[in-house]
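Observations on the model geometry
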Amino acid sequence: ILTKAFDEVVAHKLALVDELIERGTEVLFIDFFRNGGWSPAYEYVEPVGAEYRRQHGVEPPLDPTDPVWCRHVATYVTRFMRAVRQRFDASGRRIELWAGIPDIAPVGDQNLRSVAADWQQWVADGLLDALVINYVRWDAKDPWNSTRALCGEVKRVVDGRCRVLCPVRAYDYGGYGMPSYQQATELSQDQITTKLMRLAWDSGAAGVSLECVDYNNYQPATRQAMKALAEGECRWAKTD
């Protein structure tokens, strides 16, 4: 993510966006889960501090999780997301902007504290075509009902203003992935995947998101189960 407070940094990143547009990209997915450890704690730089002092009349708080500080930092991220959206809209082509948000539910301000991702504002402003749920904090005592309820909470906030994709996470970084489901339910990976895909389908999600980072992180039986569902009872429509 890196700081968006310096015009030179923003110009460089937007130049990369322009290059993607020229190369014919159809979707840009910005994943806030894989952020390199960045958080509002890294934004104690002069432009951000100066603007904070101008707006609030005091020095920035020493606590980087202070909600006023985090919302201030989030305005720089939102400004960048808005600039990307404007470039896509001006391209004359349909180019979609997707964002992946970790720890998204229960819905609160935790995303502002961790990655300054004001996703609710982005949805309200029409910046996103799709919101990808990286994970929700489901309850190990009731994994399936709590997962369904929390993903439903996100969908209610979105209220049809963009598509929502539910997670089928092969990893467990931060918890709440398939290894945690396995521990809570003693089901196999393919059984868990089947439940998560059906849950997403029943909730009206636009699809599921996978973490295809390492070779064979989804076992053969899991891939077969996903394929059968995607070609059968969970046949999500392809987007244009």
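Residues numbered from 1 in each chain as written. Predicted model: local features only at pLDDT ≥ 70, side-chain atom pairs only at ≥ 80, totals over all residues. Heavy atoms only, no water.

Core analysis: the biggest nonpolar cluster contains 64 residues, and Phe32, Met81 and Trp122 have the highest contact counts within it. The greatest single-element share of this core, amounting to eleven residues, is contributed by helix 3 (residues 67-90). Setting aside residues no more than four positions away along its own chain, Met81 makes contact with Ile30, Phe32, Leu97, Ala99, Trp122, Leu127 and Leu128. (Core = buried A, V, L, I, M, F, W, Y, C linked by side-chain atoms within 4.5 Å. Buried < 20%, exposed > 50% of the residue type's maximum accessible area, 1.4 Å probe, protein only. Helix = DSSP H or I, 4+ residues; strand = E, 2+ residues; numbered from the N terminus. Contact = heavy atoms within 4.5 Å.)

Let us look at the packing of helix 2 (residues 46-56) against helix 3. Across the interface, helix 2 lies against helix 3 with an axial gap of 11 Å and an inter-helix angle of 120°. In this view, helix 2 runs oblique relative to helix 3, as classed from their interaxial angle. Here the hand of the crossing between helix 2 and helix 3 comes out right-handed. Here Pro47, Val48, Glu51, Tyr52, Gln55 and His56 of helix 2 lie close against helix 3, whose contacting residues are Val68, Trp69, His72, Val73 and Tyr76. Among the residues forming the contact of helix 2 with helix 3, the class breakdown is seven nonpolar, three polar and one charged. (Axes fitted to C-alpha atoms, helices over the stretch in contact; angles between N-to-C directions. Parallel < 35°, antiparallel > 145°, perpendicular 65-115°, else oblique. Left-handed = near helix turned anticlockwise from the far one by under 90°. Nonpolar A, V, L, I, M, F, W, Y, C, P; charged D, E, K, R; others polar.)

The next thing to look at is the side chain of His72. Structurally, His72 is set in helix 3. Residue classification places His72 among the buried positions, given a relative accessible area of 4%. There is a polar contact of 3.1 Å between the side chain of His72 and the backbone oxygen of Val48. The residues touching His72, leaving out its near neighbours within four places in the chain, are Val48, Glu51, Tyr52 and Gln55. (Polar contact = N/O pair within 3.5 Å; in protein donor to acceptor, adjacent residues only side chain to side chain.)

Turning our eyes to something else, we now look at the pattern of salt bridges. With the rule as written, the count across this model stands at 18 salt bridges. The salt bridge involving Asp18 is made with Arg87; its shortest N-O contact spans 2.8 Å. Of the two residues, Asp18 sits in helix 1 (residues 7-22) while Arg87 sits in helix 3, which places them 69 residues apart along the sequence. With a closest N to O distance of 3.5 Å, Arg71 and Asp118 form a salt bridge. With a gap of 47 residues between them, Arg71 in helix 3 and Asp118 in the loop between helix 4 (110-115) and helix 5 (119-124) connect regions that are remote in the sequence. For Arg71, a relative accessible area of 44% gives the class partly exposed. Residue classification places Asp118 among the buried residues on the basis of a relative accessible area of 14%. (Salt bridge = Lys/Arg side-chain N within 4 Å of Asp/Glu carboxyl O.)

With respect to the helices, strands and loops of the structure, Asp125 is situated in the loop between helix 5 and strand 3 (130-133). Its relative accessible area of 33% is what places Asp125 among the partly exposed residues. Linking Asp125 and Arg82, residues 43 residues apart in sequence, is a C-alpha distance of 8.8 Å.

Moving on, we get to the sheet that holds strand 3. Strands sit in the order 1-2-3-4-5 across an open sheet of five strands; the sheet is parallel. The sheet is open, and its two edges are formed by strand 1 (27-31) and strand 5 (207-210), each paired on a single side. On average, each strand axis in the sheet is inclined to that of its neighbour by 25°, with strand direction left out of account. Here strand 3 runs beside strand 4 (residues 163-168); their pairing, made up of three bridges, is parallel. The residue bridging Leu131 from the neighbouring strand is Val164, located in strand 4. (Pairing = 2+ DSSP bridges.)

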